[in-house]
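# Fold and geometry: a report
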Amino acid sequence: MTPGARVLVVDDDLGIRELLTSVLGFSGFDVQTAATVGAGLTALRAWRPDVVVLDVMLPDADGIDMVRVVRRAGDRTPVLFLSARDTVADRVAGLTVGGDDYLTKPFDISEVVARVEAVLRRARTDRVTADAGDDDVLRYRDLRVDTARMTARRGDRDLDLTPTEFRLLAALAGAAERVLSKAQLLDRVWAYDFGGDASVVEKLVSRLRRKVDPDGEVPLVRTVRGFGYTLRADAPDAGARTAAERDGLPGA
């Protein structure tokens, strides 16, 4: 848990605001609420929350537009979208504009708490940082991913990646140490949901791992059994990899 962390809930549904205030407060968070984008922006600037739980459909404006405004202003406060819009296009739009996670309504309240915690852990780990003055560059350990120039380096090696491999690496680097499921990667890399062929994810991870993690270097691209994939250097088995993990096989 993250006791005392500030959570701003922006939703025009009074019942949802009261429910989230109660449950998040019981979980140790300090919660404020707003019912409109205008009120949310005011609270964001005055109160400086650690994370925003944001509805997409609000009476005065679109929640996605709110995130677009704050990101353009340089505000990197993590945002968890909470929305009745459940299409792949909606989720992709929310994540592309700068959202950190996207959960659809109706939701399980325990999952909201878990996702808020996950977003906060990711933000506070501070292992992925932008180069000073360059928001297009992601760093994790000795990995550098330049999303503007479409280049990547690990240590002193340039990584020769295909466009699809690069998009996968950027997705993992943008969520370092957070597990991304195959469905999430299908959304972010190919822009369609788990109805697509999941084996394409396994194959691409296998190819990417061979380029990013050659023998002799600390492995970064990890398979989390039963869940998905993550970019993480300090896994419990940091000293070794199984052949299945290296190859991204199912169940590895």
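One numbering rule holds for all chains: residues counted from 1, following each sequence as written. Totals for whole chains, interfaces and linings use every residue, but because this is a predicted model, local features are given only for residues with pLDDT of at least 70 and side-chain atom pairs only at 80 or more, for both listing and counting. In computing side-chain values, all of the structure's heavy atoms are included and hydrogens and water are not.

Here we come to the overall build of the protein. Secondary structure elements follow DSSP: runs of H or I no shorter than four residues count as helices, runs of E no shorter than two count as strands, and numbering proceeds from the N terminus. Across its full length, the protein carries 9 helices and 12 strands. Counting over 252 residues, the protein shows a buried share of 45%. Only heavy atoms matter for contacts: two residues are in contact if any of them lie within 4.5 Å across the pair. Counting contacts in the protein only where the partners sit at least 6 residues apart, residues at least 24 apart contribute 57% of the total. For every accessible area listed, the method is Shrake-Rupley and the probe measures 1.4 Å; residues are considered covered only by the protein chains on display. Accessible surface for the protein amounts to roughly 11800 Å². Of this, 52% is attributable to carbon and sulfur atoms. Relative accessible area decides the class of each residue, using a 1.4 Å probe on protein chains only: under 20% of the type maximum gives buried, over 50% gives exposed, and in between gives partly exposed.

Within helix H3 (residues 63–72) the residues assigned to the buried category are Gly 63, Ile 64, Met 66, Val 67, Val 70 and Arg 71. Axial view of H3: buried residues confined to an arc of 155 degrees, hence all on one face. Just downstream of H3, Gly 74 is the residue with a positive phi angle, here 90 degrees. For this quantity, the arc is that covered by the directions from the helix axis to the C-beta atoms.

Next up on the list: the UniProt feature "modified residue: 4-aspartylphosphate" (unreviewed entry) in the protein. When the UniProt feature table is mapped to this numbering, "modified residue: 4-aspartylphosphate" (unreviewed entry) covers Asp 55. Take Asp 55: it is sitting in strand E3 (residues 51–55). Since its relative accessible area comes to 3%, Asp 55 is described here as buried. If sequence neighbours within four positions are ignored, Asp 55 has contacts with Val 10, Asp 11, Asp 12, Gly 63, Leu 82, Ser 83 and Lys 105. UniProt positions are given in the numbering used here, feature names are shortened, and annotations may be inferred rather than shown by experiment.

With that settled, consider the pairing of strand E2 (residues 30–34). Paired strands, as defined in this entry, are two strands with at least two bridges between them according to DSSP. Relative to E2, strand E1 (residues 6–10) is paired through 5 bridges, and the arrangement is parallel. Within the sheet, the bridge partner assigned to Val 7 lies in E2 and is Val 31. What joins E1 to E2 is helix H1 (residues 14–26), and the crossover it makes is right-handed. With the strands pointing away from the viewer, any crossover whose connection runs clockwise from the first strand over the helix to the second is right-handed.

To pair, rings of Phe, Tyr and Trp, with the six-membered ring standing in for Trp, must have centres within 6.5 Å; the planes then decide the type, stacked if under 30 degrees apart, edge-to-face if over 60, and tilted in the middle. Scanning the entire structure with this criterion turns up 1 aromatic pair. Judged by centre distance (5.8 Å) and plane angle (45 degrees), the rings of Phe 81 and Tyr 102 are tilted. A residue pair is termed long-range when its members are at least 10 positions apart, and Phe 81 in strand E4 (residues 79–83) and Tyr 102 in strand E5 (residues 101–104) qualify at 21 residues. For Phe 81, a relative accessible area of 0% puts it in the buried group.

Turning to the side chain of Ser 206, a few remarks are in order. With respect to the helices, strands and loops of the structure, Ser 206 is situated in helix H8 (residues 199–212). Whenever two N or O atoms come within 3.5 Å, that pair is a polar contact, provided that in protein one can donate a hydrogen and the other can accept it, and provided that, for residues adjacent in sequence, both atoms are side-chain atoms. In terms of polar contacts, Ser 206 uses its side chain to reach the side chain of Arg 210, at 2.6 Å.

Let us look at the sheet that holds E1. Two strands in a sheet stick together by hydrogen bonds in their backbones, pointing the same way (parallel) or opposite ways (antiparallel). Spatial strand order, E2-E1-E3-E4-E5: 5 strands in an open sheet with parallel pairing. Each end of this open sheet is capped by a strand with a single partner; those strands are E2 and E5. If you compare each strand with its neighbour and ignore which way they point, the axes differ by 20 degrees on average. Angles shown run from 0 to 180 degrees and are taken between the N-to-C directions of axes, each axis being a line fitted to C-alpha atoms and, for helices, limited to the stretch in contact. Those strands touched by helix H2 (residues 37–47) are E1, E2 and E3, and its axis lies near 170 degrees from that of E1.

Another aspect to go through is the pattern of salt bridges. Throughout this description, the term salt bridge denotes a Lys or Arg side-chain nitrogen within 4 Å of a carboxyl oxygen of Asp or Glu. This structure, assessed with the given rule, holds 18 salt bridges. Residues Asp 101 and Arg 115 are paired through a salt bridge, measuring 3.0 Å at the closest nitrogen-oxygen approach. Of this pair, Asp 101 sits in strand E5 while Arg 115 sits in helix H5 (residues 109–125); the two residues are 14 residues apart in sequence, bridging distant segments of the chain. Arg 115 sits in the partly exposed class, given a relative accessible area of 21%. For Arg 154, the salt bridge identified is with Asp 142, shortest N-O distance 3.0 Å.

Within the protein, residue pLDDT values average 82, and 82% of them lie at 70 or more. A score from 0 to 100, pLDDT tells how confident the predictor is in each residue. A low-confidence stretch, residues 192–196 (pLDDT under 50), is modelled with 13 contacts involving residues beyond four sequence positions or located in other chains.

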